[in-house]
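Observations on the three-dimensional arrangement
Chain by chain, the residues:
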Amino acid sequence: MSYFSRRSSSVLLTWLLFTTTIVVLPCALGDDGGVFGKVYLSISNKLDGNLPMTLHCKSKDNDLGVHVLNAGQSFMFSFRPSWVAQTQFYCSFAWQGGCHWFDV
């Protein structure tokens, strides 16, 4: 192997190790000592007209149940993202005159 090839390989290996370290370190600093920190989600009812809002959030593995939020109230939950499969919650929001579904 020529000097240039060895030098290029060394530079490439150093670069890969450096960029991998930058990506891995933030993930290793979870707020509860885990590999990934928890994700916190807050849903607030800010509908015009002080209407109550019914929400229902669930994922493939968890059903958080049905909750009714009056004007100004919030619903909060947290989950730990899965590093094996994508973590996704589906939430429905219903109020007088409207209904929507969102992927969270």
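All values reported here derive from a predicted model rather than from experimental measurement.

A few words now on the state of the cysteines. Summed over the entire model, instances satisfying the criterion amount to 1 disulfide. C57 shares a disulfide with C91; S-S distance 2.1 Å. Its S-S torsion of about 115° marks the bond between C57 and C91 as right-handed, since a negative value means left-handed. Residue C57 is located in strand β2 (residues 53-58), and its partner C91 is located in strand β5 (residues 90-95); the two are separated by 34 residues in the primary sequence. You'll find C57 and C91 in the same group, each marked buried.

Glancing now at the environment of G49. Here G49 lies in the loop between β1 (39-44) and β2. Spatially, the C-alpha atom of G49 lies 8.5 Å from that of A71, the residues being 22 residues apart in sequence.

Relative to the elements of secondary structure, N45 occurs in the loop between β1 and β2. The exposure class of N45 is buried, given its relative accessible area of 2%. Here the side chain of N45 touches L47 through a polar contact of 3.0 Å, landing on its backbone nitrogen. A distance of 3.5 Å separates the side chain of N45 from the backbone oxygen of N70, its partner in a polar contact. Aside from chain neighbours lying at most four places away, what touches N45 is L51, P52, M53, L69, N70, A71, G72 and Q73.

Let us now look at unusual backbone geometry. The phi dihedral of N50 is positive, around 55°, even though this residue is not glycine. Position of N50 among the secondary structure elements: in the loop between β1 and β2. When its relative accessible area of 62% is taken as the criterion, N50 is described as exposed.

Counting residues in each nonpolar core, the largest one holds 11 residues, listed as I43, M53, L55, C57, L69, F75, F77, F79, F89, C91 and F93. Mapped by element, the contributors of at least two residues to this core are β2, β4 (74-79) and β5. Setting aside residues up to four positions removed in sequence, C91 forms contacts with I43, H56, C57, H100, W101, F102 and V104.

Here T87 shows up in the loop between β4 and β5. The spacing of T87 and K60 is 27 residues in sequence and 8.4 Å in space, taken between C-alpha atoms. Beyond its immediate chain neighbours, meaning those up to four positions away, T87 contacts F79, R80, P81 and S82.

Estimates place the volume of the largest pocket at around 230 Å³. Tallied by class, residues from the lining of the largest pocket come to 4 nonpolar, 6 polar and 3 charged.

Here is what the cut-offs are and how they apply
Residues numbered from 1 in each chain as written. Predicted model: local features only at pLDDT ≥ 70, side-chain atom pairs only at ≥ 80, totals over all residues. Heavy atoms only, no water. Disulfide = S-S within 2.5 Å. Helix = DSSP H or I, 4+ residues; strand = E, 2+ residues; numbered from the N terminus. Buried < 20%, exposed > 50% of the residue type's maximum accessible area, 1.4 Å probe, protein only. Polar contact = N/O pair within 3.5 Å; in protein donor to acceptor, adjacent residues only side chain to side chain. Contact = heavy atoms within 4.5 Å. Core = buried A, V, L, I, M, F, W, Y, C linked by side-chain atoms within 4.5 Å. 1 Å grid on protein atoms, 1.4 Å probe; cavity = no way out; pocket = protein on both sides within 12 Å on 5 of 7 lines; lining within 4 Å. Points joined across faces, edges and corners; volume = space filled by probe spheres on them. Nonpolar A, V, L, I, M, F, W, Y, C, P; charged D, E, K, R; others polar.

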